[in-house]
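The chain contents come next:
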Amino acid sequence: MREKVVPSVAAMTEPEAVAEWADLVHQVLDANTAYHRDDAPVLSDAEYDRLKRRLAELEAAFPGIERAMKMTSPTKLVGAAPADGFGKIAHRVRMLSLENAFAAEEVTDFDDRVRKFLGHTGGLSYTAEPKIDGLSLSLRYEGGDLIHAATRGDGEVGENVTINALTIADIPQALTSAPDVLEVRGEVYMSHADFAALNARATAAGDKTFANPRNAAAGSLRQLDASVTASRPLRFFAYAWGDLSAPLASTQFEAIQHLRALGFQTNPLTVLCDGPEAMLAHYRQIETQRATLGYDIDGVVYKVNDLTLQARLGFRSSTPRWAIAHKFPAELAWTELLGIDIQVGRTGALSPVARLKPVTVGGVVVSNATLHNEDYIAGRDSKGEDIRGGKDIRVGDWVQVYRAGDVIPKVADVDLTRRDPAAEPFVFPQRCPECGSEAHREEGDSVRRCTGGLICPAQAVERLKHFVSRSAFDIEGLGAKQVEMFFRDATLPVKTPADVFTLAARDAASPLQKLKNWDGFGETSVTKLFAAIEAKRSIPLDRLIFSLGIRHIGETSSTLLARHYGGWDRLIKTIDASHNYTGPEWEELTAIDGIGEVSARALVDALHSYNAERAEVDRLMKFLTILPIKAAATESPVAGKTVVFTGTLEKMTRAEAKARAEALGAKVAGSVSAKTDLLIAGPGAGSKAKDAERLGVRMIDEDAWLALIGG
Ligand code: IVH
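Draft legend 1. The sheet that holds strand S4 (residues 135-142), seen in detail. Taken in spatial order, the four strands line up as S5-S4-S7-S8 in an open sheet, and their pairing is antiparallel. Pairing within the sheet leaves two strands with one partner each, and these edge strands are strand S5 (145-151) and strand S8 (235-244). Strand after strand, the sheet turns through a mean of 25° between neighbouring axes, direction not considered. Against the sheet, helix H9 (residues 252-261) contacts strand S7 (181-189) and S8, and its axis sits at roughly 115° relative to S8.

Draft legend 2. A look at the pattern of salt bridges. With the rule as written, the count across this model stands at 43 salt bridges. Glu 129 is paired through a salt bridge with Lys 303; the nearest N and O atoms lie 3.2 Å apart. Of this pair, Glu 129 sits in strand S3 (residues 126-132) while Lys 303 sits in strand S10 (residues 297-304), placing them 174 residues apart in sequence. Grouping residues by exposure puts Glu 129 and Lys 303 together as buried. The partner of Arg 694 in a salt bridge is Asp 691, and the shortest N-O contact between them spans 3.2 Å. Of the two residues, Arg 694 and Asp 691 both sit in helix H24 (residues 687-695), three residues apart, roughly one turn of that helix. Look at Arg 694 and you get exposed, because its relative accessible area is 61%. The structure contains a network of salt bridges with shared partners spanning Arg 92, Arg 140, Glu 142, Glu 183, Arg 185 and Asp 243.

Draft legend 3. Geometry of the side chain of Arg 449. Inspection of the secondary structure puts Arg 449 in strand S18 (residues 448-450). Take Arg 449: its relative accessible area is 14%, and that puts it in the buried class. Only 3.5 Å separates the side chain of Arg 449 from the side chain of Asp 445, close enough to count as a polar contact. Apart from residues lying up to four places away in sequence, Arg 449 is in contact with Thr 347, Gly 348, Ala 349, Leu 350, Glu 438, Ala 439, His 440 and Arg 551.

Draft legend 4. Geometry of the side chain of Asn 100. Of note, Asn 100 is situated in strand S2 (residues 100-101). Under the relative-accessibility criterion, Asn 100 is labelled buried at 18%. Among the polar contacts made by the side chain of Asn 100, one reaches the side chain of Asp 49 at a distance of 2.8 Å. Apart from the residues lying within four places of it in its own chain, the contact partners of Asn 100 are Asp 49, Arg 53, Glu 106, Ile 324, Ala 325 and Lys 327.

Draft legend 5. Molecular detail of the environment of Asp 392. When you line up the elements, Asp 392 lands in the loop between helix H12 (374-378) and strand S15 (398-403). Linking Asp 392 and Lys 327, residues 65 residues apart in sequence, is a C-alpha distance of 29 Å. Here Asp 392 is in contact with Ile 377, Ala 378, Gly 379, Asp 397, Val 414, Arg 419 and Pro 425, once residues within four sequence places are set aside. Within the structure, the side chain of Asp 392 is placed 2.9 Å from the side chain of Arg 394, a separation counted as a polar contact.

Draft legend 6. The arrangement of the packing of aromatic side chains in detail. This structure, assessed with the given rule, holds 16 aromatic pairs. Aromatic pair Tyr 189 and Tyr 295: ring centres 5.3 Å apart, planes at 55°, arrangement tilted. Here Tyr 295 lies in the loop between helix H10 (276-289) and S10 and Tyr 189 lies in strand S7, a separation of 106 residues in the sequence. Judged by its relative accessible area of 10%, Tyr 295 falls in the buried class. Plain terms: the ring middles of Phe 467 and Phe 473 are 4.2 Å apart, the flat faces sit at 25° to each other, and that makes the pair stacked. The pair Phe 467 / Phe 473 is uniform in exposure class, with both members buried. Lying across the ring of Tyr 376, Arg 388 places its NZ or CZ 4.7 Å from the centre.

Draft legend 7. Structural view of unusual backbone geometry. A positive phi angle, near 50°, is found at Ser 177, a position not held by glycine. With respect to the element layout, Ser 177 can be found in the loop between helix H5 (162-165) and S7. A residue is classified by how much of its surface remains accessible, and Ser 177, at 70% relative accessible area, is exposed. Even without being a glycine, His 372 presents a positive backbone phi close to 65°. Mapped onto the elements of the fold, His 372 is located in the loop between strand S14 (364-370) and H12. Taking relative accessible area as the criterion, His 372 reaches 26% and is therefore assigned partly exposed.

Draft legend 8. Expanded view of the packing of helix H18 (residues 555-565) against helix H19 (residues 568-577). Where H18 meets H19, the closest approach of the two axes is 8 Å, and the angle between their N-to-C directions is 105°. In terms of orientation, H18 lies roughly perpendicular with respect to H19. For the pair H18 and H19, the contacting residues are Leu 561, His 564 and Tyr 565 in the first and Arg 570, Leu 571 and Thr 574 in the second. Residue classes in the contact of H18 with H19 are distributed as three nonpolar, two polar and one charged.

Draft legend 9. Spatial organisation of the site of the ligand. Surveying the vicinity of the ligand reveals 14 residues, the closest of which are Glu 129, Ile 132, Arg 152, Glu 187 and Tyr 239. Here Leu 96 contributes a backbone N or O atom positioned 3.4 Å from an oxygen atom of the ligand. The side chain of Arg 152 places a nitrogen or oxygen atom 3.0 Å from an oxygen atom of the ligand. Protein contact buries 89% of the 530 Å² of open area that the ligand shows by itself. Counting residues per element, the ones that place at least two in the shell around the ligand are S3 and S10. For the shell around the ligand, the leading source of residues is S3, giving four residues. Of the residues assigned to the shell around the ligand, the class counts are eight nonpolar, one polar and five charged.

Draft legend 10. Representation of the nonpolar core in the model. By size, the foremost hydrophobic cluster in this structure holds 52 residues, and its most contacted members are Leu 529, Leu 561 and Trp 568. Discounting chain neighbours no more than four positions away, the residues touching Trp 568 are Leu 541, Leu 544, Leu 548, Leu 607, Val 617, Met 621 and Ile 626. Membership of the second largest hydrophobic core comes to 33 residues, among which are Val 161, Leu 221, Trp 241 and Ile 256.

Draft legend 11. Representation of the sheet that holds S3 within the structure. Within the open sheet, the five strands sit side by side as S2-S11-S10-S3-S9. Their pairing is mixed. Of all strands in the sheet, those with a lone pairing partner are S2 and strand S9 (271-273), marking the two edges. Direction of pairing for S3 relative to S10: antiparallel, over a ladder of seven bridges. Considered in S10, the bridge of Thr 127 is made with Lys 303. In the packing of helix H4 (residues 104-118) onto the sheet, the strands contacted are S2, S3, S10 and strand S11 (323-327), and the crossing angle to S11 comes to about 175°.

What counts and what doesn't
Residues numbered from 1 in each chain as written. Predicted model: local features only at pLDDT ≥ 70, side-chain atom pairs only at ≥ 80, totals over all residues. Heavy atoms only, no water. Pairing = 2+ DSSP bridges. Helix = DSSP H or I, 4+ residues; strand = E, 2+ residues; numbered from the N terminus. Axes fitted to C-alpha atoms, helices over the stretch in contact; angles between N-to-C directions. Contact = heavy atoms within 4.5 Å. Salt bridge = Lys/Arg side-chain N within 4 Å of Asp/Glu carboxyl O. Buried < 20%, exposed > 50% of the residue type's maximum accessible area, 1.4 Å probe, protein only. Polar contact = N/O pair within 3.5 Å; in protein donor to acceptor, adjacent residues only side chain to side chain. Phe/Tyr/Trp six-rings, centres within 6.5 Å; stacked < 30°, edge-to-face > 60°. Lys NZ or Arg CZ within 6 Å of the ring centre and 35° of its normal. Parallel < 35°, antiparallel > 145°, perpendicular 65-115°, else oblique. Nonpolar A, V, L, I, M, F, W, Y, C, P; charged D, E, K, R; others polar. Near = heavy atom within 4 Å. Areas by Shrake-Rupley, 256 points an atom, 1.4 Å probe, with all protein chains shown as cover. Core = buried A, V, L, I, M, F, W, Y, C linked by side-chain atoms within 4.5 Å.

Now the structure itself:
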């Protein structure tokens, strides 16, 4: 598979970097939500990783970028917030993600980084174990009893799936001689054999099948009806821990053995390695065994073995410094391209989809793949540079398809030697195939979009699906299938969000054709559906904003807007006053931490009163009561304080000191100014100590600092 040619960061100007960064941030945030919350990934793991690395590269080369854009990069976030329906559990110790490595040299770099951080000159030992492709789960035991089980959620708050976890045979309900408090973390997964049997049963019953074992495991664990989970054969490998009242051991390897002794399944391919060479050898070994393991793995995880060193290494904002996931390359297959369809999405984007002669890629039959956009088909990236060596893609071509994990497959390459000489280049439509409106491509945008707005039935129906989706109004009994049906129905049509809330009244008023008599409905399901709709008349402001499906306004931006404005009226007044993108209201909007100019413009354009669609939103508001959203809360002894280190530190390297301070919410500055709250001065402190004295900045030594932050 060829990589897309991306311009080198070193050759970029700051505005170019900012533009690319903003675009990537949106892609990554949307992908996070799709993957973690909706179990419906939109990017391959490989593509997702590539985007995150590119973000990290841009951030390293342009360190002011986050501040300039007033937002936290998703390189520092894990996952998405939990879905409603389950109770929520705040993790006492955050559930983190792992940094990824692909090439062998990234593994040696990891070892170098670890040793440098610790100021450690000798060799270090690491554990190496398979990275299980399932979903992570945290099990809390108190006094030996399982008291709750929680999914990762956004890393801080997960879903309470205790009842479901109790149905999994590998999860002990009670432990003997365990620490009083013990949180065991690991992966829930489904074996290949169980997955095949489950899908065979589903096919026989005429039910939907799962695309792969990970989806099946996630769908089975996150069942509101635990008896469904009980009927699905799930398994669990323990590989980590969270909150603990007493240490499990002094090394990672022994801690895992301890978990095994307590009755957990731990992975038999976990070994101890004395450095990168042995780690890479184990990676190759596991790779050869991968196909015969009987369950999906997507790489090998390396962890520093000594737990004291792990503690010193600590965490970046979302990943530990002491571990890394060495991923396997994406899986590939060749097949014939039978046709190219154009789908029209919620924001009008015309997305080309490859219809493929079905082919098995990594155990999954693939018959569709994304082709991204017209440039991708033509063999160019959005900046006009060649991809795939400039080879275009034509109907009838032999194409290379890949998927990594459980995601939408992609077309990576084309075999020109097998091309029919009569094959014609693909002509991308200039009009929307659904409504015939002009399809316009903005300067600098790789996507052509239908300009029909709600006139376009494809956009209208996709917006409705988004409106009722899990992260938006989340109306039980009104999923994508029902939306399609109501949208096209002549007797009880639902064409706009407001129509959802008039459905029950219209049904009551209609003398014939009652919904309860329709195919697929009945008295009970209709009563339930109407009750579910009624219940959602009260909705928190952030969800409401998100549900409108405005381009660039995802969940993160919706929450920021809701927090800032507190109510719908203030928000809409701001939007109306901002029509020229000027004035105090506009200034206030774009000054919100995390709302960039692109999102602000999209919001104003979508909801300003000159927009025909605004009338629809005003109509919707008549049916709703807006609930306030909860305020965020975080604190630590040095949170928000600006600190400066100077002189020699004796207990840790400078990198370690800085990392710990930042982990506690402090800002670490390089020089002393009036804004400095605290100077930590070791022996040999010079001009910075003098500056601190002159400015009256509090000065302490390393020991006092350690005492302040709790050791
Ligand atoms: S350790 C603090 N070990 O991979 C890090 N994670 O991409 C704790 N995963 O969220 C995770 N197998 O869901 C660890 N052997 C393993 C794993 C593993 C699978 C998952 C886990 C994690 C994700 C990160």
